[in-house]
Amino acid sequence: MTNSQPPTGLSRELIALRAARELEPGSVVNLGIGLPTLVAGFVEPSDDILFQAENGILGYSGVSESDFDSDLINAGGQPVNLVAGASFFDTADSFAMIRGGHIDAAILGGLQVSAQGDLANWYVPARGGGSVGGAMDLAVGAKKLIIAMAHVTREGEPRIVEACDYPLTAERCVDVIITDYAVIDVTESGFQLREVAPGISVGEVIDWTGAPVNVSGDVIEMSL
Amino acid sequence: MTNSQPPTGLSRELIALRAARELEPGSVVNLGIGLPTLVAGFVEPSDDILFQAENGILGYSGVSESDFDSDLINAGGQPVNLVAGASFFDTADSFAMIRGGHIDAAILGGLQVSAQGDLANWYVPARGGGSVGGAMDLAVGAKKLIIAMAHVTREGEPRIVEACDYPLTAERCVDVIITDYAVIDVTESGFQLREVAPGISVGEVIDWTGAPVNVSGDVIEMSL
Amino acid sequence: MLAEVFQTPDTAVADIANGATILVGGFVSAGTPSNLIRALCRTGQTELTAVANNIGLGDLLDELCEERQLAKVIATFAIRASGTRQSRFESQYRAGEVELELVPQGTLIERLRAGGAGLGGVLTKTGLGTMMAEGKETLEIDGEHWLLERPLRGDVALIKAWRADHHGNLQYRLAGLNFNPVMATAADLVIAEVEEIVEPGAIAPEQVGTPAVYVDRLVQCDPIPVRWEG
Amino acid sequence: MLAEVFQTPDTAVADIANGATILVGGFVSAGTPSNLIRALCRTGQTELTAVANNIGLGDLLDELCEERQLAKVIATFAIRASGTRQSRFESQYRAGEVELELVPQGTLIERLRAGGAGLGGVLTKTGLGTMMAEGKETLEIDGEHWLLERPLRGDVALIKAWRADHHGNLQYRLAGLNFNPVMATAADLVIAEVEEIVEPGAIAPEQVGTPAVYVDRLVQCDPIPVRWEG
């Protein structure tokens, strides 16, 4: 971390695009509110990805631009379209699906991620209160947890840290972090840099990360 | 109890008829396998009783005499007819309904009932093994538990006893016992005789019951 | 057994008591009993505890804060991520005037299910090692740790379905199910707002989302549209 | 993600291993995967544990006893009330050749649900004070006693639905649901026998009983009728 101005990385849309590329074809995926919601717009129908929404949908295809039906929304309250072969269920069945390990991947927003994979994403201490929604269940239950977020706060503080000082969502749950600067895997031995965003250097990622980042492997530039 | 021959009481059908009279109009009722199943044949449509079956039906109207559909059976495996306004659900929802106290009354068969209302109805020690089905959940969950059974065993042993020596289905669960001889309430202070079957005397009920029976109230003859 | 049909949402909720715990179905705009919520506001009853997925995010539950009818809210979404707009609930919460118990969504629905299904609690990994575990028991079962969460019930449930029959069977449409079917199992008095009431048999037995046994009162209303303002 | 369609029940079950724990859906005649059960018999695999509502009561599960393929059965109905006819299972059970774990129906389904839903156990009053509580923990929570029952999962689930689409969504008819939807959540490999396979979209989203995420393999078969012989 330095005291200089943080570099400008990817837009929210490009973070979402890169996150979409992280999904396996044919997988079942839950998207958190905010940036992750954009991911649905970046998958191809041929990928056969089924998006699950906590409020009880398996198989929506993204945010709808057409008429609003109050009974057809995702967990962010946005109107959605359905794919052929979608299904509806109640919240108990939805979280049996989530908590029971039937979701291949979840992409959530983050406030902080620690070197052992702890996630903080629901409570900003300075604001208090917080809203938790399905985040804790998803963090515990999804087979693979991808965090899509800005690499640093608006104040230039790293969000990728040795230990979270924000209240946790869950311990040891994060597998991959996708930011405007980099793709970083959370491994047994801490953060492992996999990719850097175009225009961002390995040194800048290290500078703006609040914990050691292993760069020993092949670090490549993100393909977008 | 005497060593003489037990008197002949009501037929199974008349026990079922009397048990049917015990049901409140508009109530939701589960019927156990065997004798209790006959009860469905003795309620009037105007009673608006909804029968629930453990295997996932609310609103069957009795055993069907017509074609057998393998997917439309009660918990005893018998084909049933539906009333208008019936519903189907899975076993988890069915036992949420039962265990959660949403069934107004269950009528089950019995092997033994004790003075504190313990029920034994699933395991004959001499035979071993046993089958429990939904009996334990119904005994615990039904708001009112009615036991319909023969007053004595084939060998003339009382089934209404001070304490069960057969393995229990549940403790302190029975509200009413309807037998071929009598209607007996299980109260805080033990068995209370409410009605005797036509042709059966109060003395005979006392003789063939294996525990004290309070006869202090108005004991009337069953109206059938 | 037949559900009782009320002519107005106001008569359906008229006997809700001060201090009652009220389960409120719906998920933002989907399956939300907005007419019943507005009628509850009009009762003027106070010291209420509301259990709902969300408050102050485009829903009408926030209107209960107008006249300070809420003593406590149990919810999963209650505070907006951004501080630029505060709901009435959030303002009162920050002023210490109303209590908030924030619960993870999967834990909230499972606590309600336990309350309705006669189960003694919920054993979940959700919340372990977080603020949600503070003051709660953790059980070790076969070497794994689980958080014990308590069953949750209401005195009243206000729910919304698409259609009802006169027995009280409810049919939902699209994602209108959400919290409604489970909440219908977990309250002493269940009041359902529906768009249409039909004859028994008109809803196919396979399409009943909430069986008649759970529903006490019905009221037919045009839905009030609401929308997320996250 | 798309469920794999197998041409015969035999190919669908061919890789089930010796010693596997197999959840078998159905309730006597309703929703019973009889073609898959017969195919499992033909694999000749042994030391199997079968988890099912019933065995030897008109169902075909009893045929697994013909060649002694079962080491253990976890069920709610396994022994007829009358001793006049014994199933093969009952004979082998009485000879000490196969183990039986008898479980109350509501506990069995809830243990399976916990296994599929990521919950650590079931807290129920069912079985308290009976043989079913022997050797199990009892918890006191807020002054009430609850029996702690363990989650239950299978290596494989054999289930039966009416129709499937190619994604693996299943639709049930009448009382064919019973144990099938929950068992579909609680096994590593889920194989569904259906009467018809249709295009995605042909089953309305509200009529899906088991969402596609749970189903790995599909096989289309004419149902084999079975009937209770209580």
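Scroll up to find the structure.
The paragraphs below set out a description of the structure included in this document.

Thresholds applied
Residues numbered from 1 in each chain as written. Chains lettered and ligands numbered in written order. Predicted model: local features only at pLDDT ≥ 70, side-chain atom pairs only at ≥ 80, totals over all residues. Heavy atoms only, no water. Salt bridge = Lys/Arg side-chain N within 4 Å of Asp/Glu carboxyl O. Helix = DSSP H or I, 4+ residues; strand = E, 2+ residues; numbered from the N terminus. Buried < 20%, exposed > 50% of the residue type's maximum accessible area, 1.4 Å probe, protein only. Least-squares fit on C-alpha atoms with pLDDT ≥ 70 in both. Contact = heavy atoms within 4.5 Å. Patch = residues over 30% accessible without salt bridge, like charges linked within 9 Å, V, L, I, M, F, W, Y side chains within 5 Å. Areas by Shrake-Rupley, 256 points an atom, 1.4 Å probe, with all protein chains shown as cover. Right-handed = clockwise from strand over helix to strand, strands pointing away. Core = buried A, V, L, I, M, F, W, Y, C linked by side-chain atoms within 4.5 Å. Pairing = 2+ DSSP bridges. Axes fitted to C-alpha atoms, helices over the stretch in contact; angles between N-to-C directions. Buried area = accessible area lost by both parts, 1.4 Å probe. Polar contact = N/O pair within 3.5 Å; in protein donor to acceptor, adjacent residues only side chain to side chain. Nonpolar A, V, L, I, M, F, W, Y, C, P; charged D, E, K, R; others polar.

## As for the pattern of salt bridges
Then, in step 1: A full pass over the atoms with the stated rule returns 56 salt bridges over all chains.
Then, in step 2: In this structure, R173 of chain D engages D71 of chain B in a salt bridge whose closest nitrogen and oxygen atoms are separated by 3.2 Å. On the criterion of chain membership, the pair formed by R173 of chain D in the loop between strand 10 (170-171) and helix 5 (180-183) and D71 of chain B in the loop between strand 3 (57-63) and strand 4 (80-88) is interchain, its members lying in two chains.
Then, in step 3: By relative accessible area, which is 26% here, R173 of chain D ends up partly exposed.
Then, in step 4: A relative accessible area of 5% means that D71 of chain B is categorised as buried.
Then, in step 5: Where R194 of chain B meets D185 of chain B, a salt bridge forms, and the shortest distance between an N and an O atom there is 2.7 Å.
Then, in step 6: One network of salt bridges, in which partners are shared, links R18, E22, K144, D185, R194 and E195 of chain A.

## Structural notes on the relation of the copies chain D and chain C
Then, in step 1: Taken as rigid bodies, chain D and chain C are interconverted by a rotation of 180 degrees and an axial shift of 0.0 Å, the fit giving an RMSD of 0.0 Å. With respect to symmetry, the two chain copies, as superposed, fit the operation of a two-fold axis.

## Focus: helix 1 (residues 12-21) of chain A
Then, in step 1: Here helix 1 of chain A has its buried residues at I15, A16, L17, R18, A19 and A20 of chain A.
Then, in step 2: For helix 1 of chain A, the elements touching its buried residues are strand 5 (105-108), strand 8 (144-149), strand 10 (176-179), strand 11 (182-187) and strand 12 (190-196) of chain A.

## Observations regarding a nonpolar patch on the surface
Then, in step 1: Judged by side-chain polarity, V202, I206 and V215 of chain B come together as a nonpolar surface patch covering roughly 180 Å² of accessible area.
Then, in step 2: Here I206 of chain B shows up in helix 4 (residues 202-207).

## Some thoughts on the pairing of strand 2 (residues 21-24) of chain D
Then, in step 1: With burial as the criterion, each face of strand 2 of chain D is covered, one bearing T21 and L23 of chain D and the other bearing I22 and V24 of chain D.
Then, in step 2: With respect to chirality, the unit in which strand 2 of chain D leads through helix 2 (residues 34-43) of chain D into the neighbouring parallel strand 3 (residues 48-52) of chain D is right-handed.

## Re the nonpolar core
Then, in step 1: Counting residues in each nonpolar core, the largest one holds 213 residues, and the members touching the most others are L23 and F191 of chain A, L23 and F191 of chain B, L170 of chain C together with L170 of chain D.
Then, in step 2: If we ignore the near neighbours within four places in the chain, the residues touching L170 of chain D are I159, A161, R163, A164, A192, V194, Q207, V208, G209, T210, V215 and L218 of chain D.

## Digging into unusual backbone geometry
Then, in step 1: One non-glycine residue, D142 of chain C, adopts positive backbone phi at about 50 degrees.
Then, in step 2: Here D142 of chain C is to be found in the loop between strand 7 (138-141) and strand 8 (144-149).
Then, in step 3: Exposure remark for D142 of chain C: the relative accessible area of 61% places this residue in the exposed category.
Then, in step 4: Phi angles above zero are rare outside glycine, and R68 of chain D is one such case at about 55 degrees.
Then, in step 5: Structurally, R68 of chain D can be placed in the loop between strand 3 and strand 4 (70-75).

## Let's talk about the sheet that holds strand 7 of chain C
Residues and elements named next belong to chain C.
Then, in step 1: Spatially, 3 strands are ordered 6-8-7 in an open sheet, and the strand pairing comes out antiparallel. Strand pairing shows two members of the sheet lacking a second neighbour, strand 6 (122-124) and strand 7, which therefore form its edges. If you compare each strand with its neighbour and ignore which way they point, the axes differ by 40 degrees on average.

## Looking at the interface of chain A and chain C
Then, in step 1: Tallying the contact residues gives 40 residues for chain A and 45 residues for chain C.
Then, in step 2: Of the roughly 3,300 Å² buried at the junction of chain A and chain C (both faces included), carbon and sulfur atoms supply 60%.
Then, in step 3: On the chain A side of the interface with chain C, the three residues burying the most area are D71, T91 and R127 of chain A, jointly 20% of the side's total.
Then, in step 4: Salt-bridge contacts for E110 of chain C lead to R99 of chain A; the nearest nitrogen and oxygen are separated by 3.9 Å.
Then, in step 5: Across the chain A-chain C interface, the total number found is 20 residue pairs in polar contact (both at pLDDT 80 or more).

## Some remarks on the interface of chain D and chain C
Then, in step 1: With 20 residues of chain D at the interface, the matching set in chain C holds 20 residues.
Then, in step 2: Overall, the association of chain D and chain C removes approximately 1,600 Å² of surface from exposure, summing both partners, and the carbon and sulfur fraction of that is 54%.
Then, in step 3: Here chain D and chain C share 4 salt bridges between them.
Then, in step 4: Across the pair R150 of chain D and D142 of chain C runs a salt bridge, and its minimum N-O distance is 2.7 Å.
Then, in step 5: For the interface between chain D and chain C, the tally reads 8 residue pairs in polar contact (both at pLDDT 80 or more).
Then, in step 6: Among the elements of the structure, helix 4 (105-117), strand 6 (122-124), strand 7 (138-141) and strand 8 (144-149) of chain D are those that each provide at least two residues to the side of chain D that touches chain C.
Then, in step 7: Per-element tally for the side of chain D that touches chain C: the top contributor is strand 6 of chain D, with 3 residues.
Then, in step 8: Its residues assigned to classes, the side of chain D that touches chain C comprises 9 nonpolar, 5 polar and 6 charged.

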